[in-house]
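Below are the chains, spelled out letter by letter.
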Amino acid sequence: GTPGFVVYTRGDASDEQVVACLGIGADPLPTAWVRVAAVESAAAFAQCEAMWAAIVADLDPDIEEVAWFVTDNWPLHWLDRLGLEPVSTVLGFRKTDLTVAPYTPPPGLDIRPALVEELPLLAEIEEDAFEPRWRHSAQSLYLAWRQSLSFDVALLDGQPVGFQFSTGGGGGAHLARMTVRPERQGQGIGAALLARALEGYRRRKLRGVTLNTQADNLASQRLYTRFGFAPTGNKYPVWSYYPLPG
């Protein structure tokens, strides 16, 4: 019943079966993401096409982009037929130990666990640091805060300038997000956040850490490489659809 979520059914009212589903939602606007997509088989293009058309026909007019983060191969040969185009690639990295590279934090930097009342401020940092496609809202940061392995905020002279949150599972960690104010990037804040996260993983006796970053985010890749992360070879394409205005 939520706008942007549809199912594809087969059978009559007495024996109706859900055989496919598609969910698209924005958090925050103006970019929406494909949140869930499932079909009967890789040959079920007609099901995907019908669900896509139903959602696009009733799309929130404030949505300017619908992005699809492709982690499975089955949608790839369908996306251009649905009107999407490739816009980015996300790369996977892994670090198999939890050592910390030398770094020099800026004077006055303090890193501690984030407080729930700080999340709206951190969402503002997201808005400054990223184009709409990659931003988190205060609500999605709250959900991450509740479920995270660690969620740290970096304060410079008492003001939030960056944060990271990580998830865990299978004996390892995943650095899910690290954001630094654009005017404070290159000053050692990201390195300090990363070092703090690695130290926390080590205290929990985790075995390693993974992360994802955009292929065109060269500054982040330099930082992660300096800390011993290596590419996994996993590449995840991002495709987008741009609704016509009006």
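Reference entry: report on the structure contained in this document. Keep in mind the model is a prediction, meaning the values are calculated, not measured.

**Overview of the packing of aromatic side chains**
Thought 1: For the structure on display, the rule yields eleven aromatic pairs.
Thought 2: A centroid spacing of 5.6 Å and a plane angle of 45° characterise the contact between Trp33 and Trp134, whose relative ring orientation is tilted. With Trp33 in strand β3 (residues 31–38) and Trp134 in the loop between α2 (119–129) and α3 (138–147), this pair connects stretches of sequence that are 101 residues apart. Each member of the pair Trp33 and Trp134 is classed as buried.
Thought 3: With a centroid separation of 6.3 Å and 25° between ring planes, the pair formed by Trp52 and Trp68 is classed as stacked. Remark: Trp68 occurs in strand β4 (residues 65–69) and Trp52 occurs in helix α1 (residues 45–57); sequence separation between them is 16 residues. Both residues of the pair, Trp52 and Trp68, count as buried.
Thought 4: Through pairs of rings, three or more aromatic residues link up here, namely Phe45, Trp52, Trp68, Trp74, Trp78 and Tyr241.

**Observations concerning helix α5 (residues 218–226)**
Thought 1: When α5 is considered as a whole, its buried residues turn out to be Ser220, Gln221, Leu223 and Tyr224. Along the axis of α5, the buried positions cluster into a sector of 160°, meaning they face one direction only.
Thought 2: Each element contacted by the buried residues of α5 is listed here: β5 (85–95), β9 (172–180), α4 (189–203) and β10 (209–214).
Thought 3: A positive phi of about 95° marks Gly228, the residue just after α5.

**Section: the sheet that holds β3**
For sheets, the rule is that strands pair by backbone hydrogen bonds, running either parallel or antiparallel.
Thought 1: Sheet architecture is open: eleven strands sit in the order β1-β2-β3-β4-β11-β5-β10-β9-β8-β7-β6, paired in mixed fashion. This sheet does not close on itself; its edge strands, each paired only once, are β1 (5–10) and β6 (109–113). Taking the axes of each pair of neighbouring strands and ignoring which way they run, one obtains an average angle of 25° across the sheet.
Thought 2: Packing of α2 onto the sheet brings it into contact with β7 (150–156), β8 (159–169) and β9, and relative to β8 it is tilted by some 95°.
Thought 3: This element, α5, spans β5, β9 and β10 of the sheet and lies at about 160° to β10.

**Focus: the pairing of β9**
Thought 1: With seven of its nine residues buried, β9 lies for the most part within the structure.
Thought 2: Alignment of β8 against β9, held across eight bridges, turns out to be antiparallel. Note on β9: the bridge partner recorded for Phe163 is Thr179.
Thought 3: Hairpin connection of β8 to β9: two residues between the antiparallel strands, including Gly170 at a positive phi of 65°.
Thought 4: Note: β9 against β10, three bridges, orientation parallel. Bridge pairing in β10 links Ala173 to Val209.
Thought 5: Since β9 and β10 lie parallel, the crossover through α4 that links them has a hand, and here it is right-handed.

**So, the pattern of salt bridges**
Thought 1: This model, assessed by the stated rule, comprises seven salt bridges.
Thought 2: Linking Arg133 and Glu65 is a salt bridge whose minimum nitrogen-to-oxygen distance equals 2.7 Å. Taken together, the residues Arg133 in the loop between α2 and α3 and Glu65 in strand β4 connect sequence positions 68 residues apart. Glu65 matches Arg133 in its accessibility class, with the two residues each being buried.

**Side note on the packing of α4 against α5**
Thought 1: Look at α4 against α5: their axes get within 11 Å of each other, and the N-to-C directions meet at 45°. Accordingly, the angle class assigned to the pair α4 and α5 is oblique. In the packing of α4 onto α5, the handedness of the crossing is right-handed. Contact with α4, carried on its side by Gly190, Ala191 and Leu194, involves Leu223, Tyr224 and Arg226 of α5 and no other residues of that element.
Thought 2: Each residue belonging to the contact of α4 with α5 can be placed in one class, and the counts come to four nonpolar, one polar and one charged.

Thresholds applied
Residues numbered from 1 in each chain as written. Predicted model: local features only at pLDDT ≥ 70, side-chain atom pairs only at ≥ 80, totals over all residues. Heavy atoms only, no water. Phe/Tyr/Trp six-rings, centres within 6.5 Å; stacked < 30°, edge-to-face > 60°. Helix = DSSP H or I, 4+ residues; strand = E, 2+ residues; numbered from the N terminus. Buried < 20%, exposed > 50% of the residue type's maximum accessible area, 1.4 Å probe, protein only. Arc of directions from axis to C-beta. Contact = heavy atoms within 4.5 Å. Pairing = 2+ DSSP bridges. Axes fitted to C-alpha atoms, helices over the stretch in contact; angles between N-to-C directions. Right-handed = clockwise from strand over helix to strand, strands pointing away. Salt bridge = Lys/Arg side-chain N within 4 Å of Asp/Glu carboxyl O. Parallel < 35°, antiparallel > 145°, perpendicular 65-115°, else oblique. Left-handed = near helix turned anticlockwise from the far one by under 90°. Nonpolar A, V, L, I, M, F, W, Y, C, P; charged D, E, K, R; others polar.

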